Amino acid sequence: MGLPDAQYAERDAKAMRAHLAALGYPDRNVILLTGAQASRSGIAKYIETWLPKNARAGSTVFFYYSGHGAPDPKSG
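> Give a detailed account of the pattern of salt bridges, specifying residues and quantitative values.
Tallied over the full model, the rule gives 1 salt bridge. For Glu 10, the salt bridge identified is with Lys 14, shortest N-O distance 3.0 Å. Taken as a pair, Glu 10 and Lys 14 lie in helix α1 (residues 9-22) at a separation of 4 residues, close to a single helical turn. Taking the relative accessible area as the measure of exposure, Lys 14 reaches 44% and is therefore partly exposed.

> Tell me about the layout of surface pockets, and please be specific about residues and values.
Approximately 1100 Å³ is the volume found for the largest pocket. Along the wall of the largest pocket there are 35 residues; nearest its centre are Ile 31, Leu 32, Phe 62, Phe 63 and Tyr 64. Residue assignment for the lining of the largest pocket shows that the elements contributing at least two residues are α1 and α2 (40-54). Partitioning the lining of the largest pocket into residue classes produces 23 nonpolar, 10 polar and 2 charged.

Thresholds, definitions, all that
- Residues numbered from 1 in each chain as written.
- Predicted model: local features only at pLDDT ≥ 70, side-chain atom pairs only at ≥ 80, totals over all residues.
- Heavy atoms only, no water.
- Salt bridge = Lys/Arg side-chain N within 4 Å of Asp/Glu carboxyl O.
- Helix = DSSP H or I, 4+ residues; strand = E, 2+ residues; numbered from the N terminus.
- Buried < 20%, exposed > 50% of the residue type's maximum accessible area, 1.4 Å probe, protein only.
- 1 Å grid on protein atoms, 1.4 Å probe; cavity = no way out; pocket = protein on both sides within 12 Å on 5 of 7 lines; lining within 4 Å.
- Points joined across faces, edges and corners; volume = space filled by probe spheres on them.
- Nonpolar A, V, L, I, M, F, W, Y, C, P; charged D, E, K, R; others polar.

Interpretation note: all reported values are geometric properties and have no functional meaning in isolation.
The structure is reproduced here in C-alpha cells:
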C-alpha cells in the first residue's frame, strides 16, 4: 500500500513512557510496544490478556498510540 514511515513514532512512545515514569507510574504498569511488537495482534494480546489481569474496576487506563493506521483498502 506504500505508507510512509512513521519515523518519530517510536521516539514519541518512549517519551510518553518516560513521562509516565516521571509522574510516578511504576514500570510494571506501563507496557511499551514498538516496531513489530506494535502489530494488531501484539496490541490485542495486551488488551485482551494483560489488561484484564492487571486493571481493576475503577482503575485509570491510558492508551497512547503514535504512528499512523492503515485504512482498509476496500472501505478506506
